[in-house]
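Commentary on secondary and tertiary structure
Read off the chains here:
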Amino acid sequence: MNSLTPRGPAWVAVRQHRPTLWTALLLTVLTVGCVVAARVWVGSAGVVVSCGKGCEMSTTASGWFRWAENYVGHAAVLLPLIVAAFTAGPLIARELESGMYRLAWTQSVSPARWLAVRLAGAAAVATAGAVLLAVTLRWSRSYSQEDAFLSMARSWSGREVYPALGATVVGYVLLAVAVGALAAVLLRRTLLAIAVGVAATGGVSLFFAWVRPHLWPVVKAEGGAGTSPFTASSEPWIVREGVVLADGGRMTFKQCLDMGFSKSPCDPGTTPTAVTRFYEYHPASHFWPLQLVETGIVLVLAAACVFAAFKVLGRRHG
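Every residue gets a number counted from 1 within its own chain, in the order that chain's sequence is written. This being a predicted model, a pLDDT of at least 70 is required before a residue's local features are given, and a value of 80 or more before pairs of side-chain atoms are given or counted; all residues contribute to the totals for chains, interfaces and linings. Heavy atoms throughout the structure, all of them, feed into the side-chain values; hydrogens and water do not.

As for the overall build of the chain
Within the chain one finds nine helices and six strands. A 1.4 Å probe rolled over the protein chains alone gives each residue an accessible area, and that area as a share of the maximum for its type sets the label: buried under 20%, exposed over 50%, partly exposed in between. Within the span of the chain, comprising 318 residues, buried residues form 40% of the whole. Intrachain contacts of the chain at a sequence separation of at least 6 include 79% that bridge at least 24 residues. To measure how exposed things are, a 1.4 Å probe is used in the Shrake-Rupley method; for residues, cover is taken only from the protein chains shown. Here the chain displays about 16,700 Å² of accessible surface, and carbon together with sulfur accounts for 66% of that area. Counting from the N terminus, the helices are DSSP H or I runs at least four residues long and the strands are E runs at least two residues long. Contact criterion: two residues are considered in contact whenever any of their non-hydrogen atoms come within 4.5 Å of each other.

What follows is the structure, encoded as structure tokens:
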């Protein structure tokens, strides 16, 4: 009986990388457990310790919740880099470099199918982990207005949590699989493919972290120096803010700091009339449009990398 039956290539890949899969499962369980434990602790600690002039809240419980948020956020940032390293190195490039792929290709398994099985397996495992991270973090942040502890959760726009709150984390792990595969079939050297795959994936992530505020039109608002157009629960992501000049022009607070704040129009003492501030921001309702636009672009890049990987493999071994 042929050792590589229709499900044989997938089974061989699983057996080859069992230690990695078990490690990934352990880390996922640990991460989810930390978030669930922090959320349960905050929920059971009681909302308020004492109220007088303001309220004192348990800094221990809220501190643990902040730590859990940071932990998941950093995991969501690092996960694509780990996936890219694993896909580029042990999963594909090492077999191409050592010649192990020849065994599979002599058992009625085409190069395209061999690559497809590895990409599908890596994508399935990475996506499952990414979805679990996002769902767990979103659940942990679900709270009512009376939950004073959880009102201290980080804003949705914070770099510590934004990548792990929605669809972008899935987009980036799929991009990591695609970039890792392309690096592997192009370079065919394990360490070099890992380095290039991680660098390319990290570069794309950093680029989008920079351009992310501009992926969707901002909302513009103005207000007096002592007032704000935002409510306490609105959670705006302020992209630009500053003052409106007498001639109708605008100067950001960064520009004011560069020229010396005390000498700039941003300082009310230097302005004879009331200072009007301007704000360009994303309200909380922009969360999903921003996430979906970024994810869509990343998935297009991933599809292009997968297509290129198959083309390169077919040209060399077709």
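A word on the pattern of salt bridges
By definition, a salt bridge exists where a carboxyl oxygen of Asp or Glu is found within 4 Å of a side-chain nitrogen of Lys or Arg. As enumerated under the stated definition, the model contains five salt bridges in all. Where Arg 250 meets Glu 222, a salt bridge forms, and the shortest distance between an N and an O atom there is 3.1 Å. Of this pair, Arg 250 sits in strand β5 (residues 250-252) while Glu 222 is found in strand β3 (residues 219-224), placing the two residues 28 residues apart along the sequence. The class of Arg 250 is partly exposed, set by a relative accessible area of 35%. For Arg 240, the salt bridge is made with Glu 280, and the minimal N-O distance between the two is 3.0 Å. Of this pair, Arg 240 sits in strand β4 (residues 237-244) while Glu 280 is found in strand β6 (residues 276-282), placing the two residues 40 residues apart along the sequence. Take Glu 280: its relative accessible area is 11%, and that puts it in the buried class. Among the charged side chains, a network of salt bridges with common partners joins Glu 222, Arg 240, Arg 250 and Glu 280.

Concerning the environment of Val 72
Looking at the secondary structure, you find Val 72 in helix α3 (residues 59-98). Separated by 61 residues in sequence, Val 72 and Leu 133 place their C-alpha atoms 6.9 Å apart.

Side note on helix α6 (residues 168-187)
Multiply 1.5 Å by the residue count of a helix minus one, and that product is the helix's expected span. Across its 20 residues, α6 extends 28 Å between first and last C-alpha, which sits within 8% of the 28 Å expected from 1.5 Å per residue. Of all 20 residues in α6, 16 are buried; the element is thus mostly enclosed. Phi turns positive one or two residues past the end of α6, at Arg 188, with a value near 60°.

Overview of the packing of aromatic side chains
In summary, the pairing rule links any two rings of Phe, Tyr or Trp, Trp by its six-membered ring, whose centres are within 6.5 Å, and it sorts them by plane angle into stacked for under 30 degrees, edge-to-face for over 60 and tilted for everything else. Using the criterion set out here, one finds nine aromatic pairs in the structure. Seen from their ring centres, Tyr 162 and Phe 287 are 5.8 Å apart, and the 75° between their planes marks the pair as edge-to-face. Residue Tyr 162 is found in the loop between α5 (111-140) and α6, and its partner Phe 287 is found in helix α9 (residues 287-317); the two are separated by 125 residues along the sequence. Taken as a pair, Tyr 162 and Phe 287 share a single burial class, namely buried. Ring centres 5.5 Å apart and planes at 80° place the aromatic pair Phe 207 and Phe 208 in the edge-to-face group. By the ring-pair criterion, three or more aromatic residues cluster together here, those being Trp 156, Tyr 162, Trp 237, Phe 287 and Trp 288.

Let's talk about the confidence of the model for the chain
What pLDDT expresses is the predictor's confidence in each residue, scored from 0 to 100. Taken over all residues, the pLDDT of the chain has a mean of 79, while the share at 70 or more is 75%. Taken together, the stretch residues 1-6 has pLDDT below 50 and engages in nine contacts with residues farther than four places along the chain or on a different chain. Note on residues 47-57: pLDDT under 50 across the span, and 15 contacts to partners over four residues away in sequence or across chains.

Concerning the packing of α6 against helix α7 (residues 190-211)
At a closest axis distance of 8 Å, the pairing of α6 and α7 adopts a crossing angle of 145°. In terms of crossing hand, the pair formed by α6 and α7 is right-handed. Of the residues in α7, those touching α6 at Tyr 172, Leu 175, Ala 176, Val 179, Ala 183, Ala 184 and Leu 187 are Leu 192, Ala 193, Val 196, Gly 197, Ala 200, Thr 201, Val 204, Ser 205 and Phe 208. Residues are grouped as follows: Ala, Val, Leu, Ile, Met, Phe, Trp, Tyr, Cys and Pro are nonpolar; Asp, Glu, Lys and Arg are charged; all remaining types, including Gly, are polar. A class-by-class count of the residues in the contact of α6 with α7 yields 13 nonpolar, three polar and no charged. Orientation is described by lines fitted to C-alpha atoms, with helices fitted over the stretch in contact, and by angles between N-to-C directions that extend from 0 to 180 degrees. Two helices cross in a left-handed way if the nearer one is turned anticlockwise from the farther one by less than a right angle. They cross in a right-handed way if the turn is clockwise.

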